[in-house]
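Here is what each chain is made of, one letter per residue.
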Amino acid sequence: MKILIIEDEPKTGDYLRQGLREAGFTVDLVPNGVDGLHQAIEGDPDLVVLDVMLPGMNGWQVLQHLRSQGRQMPVLFLTARDQVEDRVKGLELGADDYLVKPFSFAELLARVRTILRRGRNGAESTTLQVADLEMDLLRRRVSRGGHRIDLTAKEFGLLELLMRRHGEVLPRSLIASQVWDMNFDSDTNVIEVAVRRLRAKVDDGYEVKLIQTVRGMGYVLEAP
Ligand code: CA
């Protein structure tokens, strides 16, 4: 499987290239949008990892050109923290997924594998669904059984992680690094508190409880 990384920051680019090579992929790294677009068209990679802020031609323009030339290979978009507009724009332009910088390599690899598993024609919708719980990633909306659930940004991030990896027990340390961007400190109960609040919004009043605590391990979201 061939992956093209378009990233101008040498440290990030090298780190991604090395990690993905070690994971068994064939990897090309291009440090600007114009050459990246050319390489994406010529090389026909299975996946493009595309940074937004690039010299010359930015990530949105690269993506737009690719799609306008009928290139439908999946694109995983790297965007700066909290730039919701970027995310919406990227998804509207036809990106398959996005990661907010800084991200862990493990998370990137998991996304890459998911996208590649889905295949070229399995264009994912921009919604996640587990049982009757639905998340609209584009509009940042959540509903259960058709009833709107209002979440804070952190709660949304937490629920998104749980839904993307539903059925998988997620340790608190992983949740801490992915959602709070912090190292897990056992003295803090910030995650427990957030999960409790999220559970109250998602599960209270419903017979089927989707969010479960796995004692000593973490949390899992699954339809029983
Ligand atoms: Ca950049």
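An account of the accompanying structure is given in this report. Note that the structure is a prediction, hence the values are computed from the model and not measured.

### A closer look at the overall build of the chain
Stage number 1. Helix and strand counts for the chain stand at 8 helices and 11 strands.
Stage number 2. Scaling as 2.2 N^0.38, a compact globule of 224 residues should have a C-alpha radius of gyration of about 17 Å, and the chain matches this with 18 Å.
Stage number 3. In terms of overall dimensions, the chain has a C-alpha envelope of 55 × 35 × 30 Å along the principal axes.
Stage number 4. Classification of the 224 residues of the chain by burial places 45% in the buried group.
Stage number 5. When contacts within the chain are restricted to residue pairs at least 6 apart in sequence, long-range pairs at least 24 apart make up 57% of them.
Stage number 6. Roughly 11,300 Å² of accessible area belongs to the chain as shown, and the carbon and sulfur atoms make up 47% of that amount.
Stage number 7. Of the side chains in the chain, 30 bear a positive and 34 a negative charge, and the two mean positions are spaced by 2 Å.

### What to know about the coordination of the calcium ion
Stage number 1. Around the calcium ion, the protein contributes the donor atoms Asp8 (OD), Asp51 (OD) and Met53 (O), at 2.1 to 2.3 Å from the metal centre.
Stage number 2. Mapped onto the sequence, the donors of the calcium ion take the spacing D-x42-D-x1-M.
Stage number 3. The class for Asp51 is buried, based on a relative accessible area of 4%.

### A few points about the pattern of salt bridges
Stage number 1. A complete count under the given rule lists 15 salt bridges for this structure.
Stage number 2. A salt bridge links Arg144 to Asp203, with the nearest nitrogen and oxygen atoms 2.9 Å apart. Of this pair, Arg144 sits in strand E8 (residues 141–144) while Asp203 sits in helix H8 (residues 190–203), and the two are 59 residues apart along the sequence.
Stage number 3. By relative accessible area, Arg144 is classed as buried at 2%.
Stage number 4. A residue is classified by how much of its surface remains accessible, and Asp203, at 1% relative accessible area, is buried.
Stage number 5. Two residues, Lys201 and Glu155, come together in a salt bridge whose shortest N-O distance is 2.7 Å. Note that Lys201 is positioned in helix H8 and Glu155 in helix H6 (residues 153–164), a separation of 46 residues in sequence.
Stage number 6. Look at Lys201 and you get partly exposed, because its relative accessible area is 34%.
Stage number 7. With a relative accessible area of 5%, Glu155 lands in the buried category.
Stage number 8. Through salt bridges with shared partners, a single network forms among Asp97, Glu107, Arg111, Glu160, Arg164, Arg165 and Glu168.

### A closer look at the pairing of strand E10 (residues 211–214)
Stage number 1. Taken together, the 4 bridges between E10 and strand E11 (residues 218–221) define a ladder with antiparallel strand orientation. Bridging from a neighbouring strand, Thr213 pairs with Tyr219 of E11.
Stage number 2. Where E10 hands over to E11, the hairpin turn is made up of 3 residues, of which Gly216 adopts a positive phi near 75°.

### Digging into the nonpolar core
Soluble globular proteins tend to pack their nonpolar side chains together in the buried interior.
Stage number 1. With 49 residues, the main nonpolar core has Leu133, Leu158, Leu159, Ile175 and Leu221 as its most contacted residues.
Stage number 2. At 6 residues, H6 tops the list of elements feeding residues into this core.
Stage number 3. Ranked by size, the runner-up nonpolar core spans 18 residues in total, among them Ile3, Leu16, Leu20 and Leu108.

### As for the environment of Ser177
Stage number 1. Structurally, the position occupied by Ser177 is in helix H7 (residues 172–179).
Stage number 2. Separated by 74 residues in sequence, Ser177 and Phe103 have C-alpha atoms that sit 8.6 Å apart.
Stage number 3. Within polar-contact distance, the side chain of Ser177 engages the backbone oxygen of Leu174 at 3.1 Å.

### Description of the pairing of strand E2 (residues 26–30)
Stage number 1. Inspection of the sheet shows strand E1 (residues 2–6) paired to E2 by 5 bridges, in the parallel sense. Each bridged residue has a counterpart across the sheet, and for Leu4 the counterpart in E2 is Asp28.
Stage number 2. Note that the unit made of E1, helix H1 (residues 10–22) and E2 has a crossover that is right-handed.

### Observations regarding the packing of aromatic side chains
Stage number 1. Under the definition given, this model contains 1 aromatic pair.
Stage number 2. Seen from their ring centres, Tyr15 and Phe105 are 6.0 Å apart, and the 75° between their planes marks the pair as edge-to-face. Of this pair, Tyr15 sits in helix H1 while Phe105 is found in helix H5 (residues 105–118), placing the two residues 90 residues apart along the sequence.
Stage number 3. What makes Tyr15 partly exposed here is its relative accessible area of 42%.
Stage number 4. On the accessibility criterion, Phe105 (17% relative accessible area) is buried.
Stage number 5. Over the ring of Tyr206 we find Arg144, and its NZ or CZ is 4.2 Å from the ring centre.

What counts and what doesn't
- Residues numbered from 1 in each chain as written.
- Predicted model: local features only at pLDDT ≥ 70, side-chain atom pairs only at ≥ 80, totals over all residues.
- Heavy atoms only, no water.
- Helix = DSSP H or I, 4+ residues; strand = E, 2+ residues; numbered from the N terminus.
- Rg over C-alpha atoms; globule rule 2.2 N^0.38 Å.
- Buried < 20%, exposed > 50% of the residue type's maximum accessible area, 1.4 Å probe, protein only.
- Contact = heavy atoms within 4.5 Å.
- Areas by Shrake-Rupley, 256 points an atom, 1.4 Å probe, with all protein chains shown as cover.
- Lys, Arg positive; Asp, Glu negative; His and termini not counted.
- Charge placed at Lys NZ, Arg CZ, Asp CG, Glu CD.
- Donors = N, O, S within 2.8 Å, 3.2 Å for Na, K, Ca; no water.
- Salt bridge = Lys/Arg side-chain N within 4 Å of Asp/Glu carboxyl O.
- Pairing = 2+ DSSP bridges.
- Core = buried A, V, L, I, M, F, W, Y, C linked by side-chain atoms within 4.5 Å.
- Polar contact = N/O pair within 3.5 Å; in protein donor to acceptor, adjacent residues only side chain to side chain.
- Right-handed = clockwise from strand over helix to strand, strands pointing away.
- Phe/Tyr/Trp six-rings, centres within 6.5 Å; stacked < 30°, edge-to-face > 60°.
- Lys NZ or Arg CZ within 6 Å of the ring centre and 35° of its normal.

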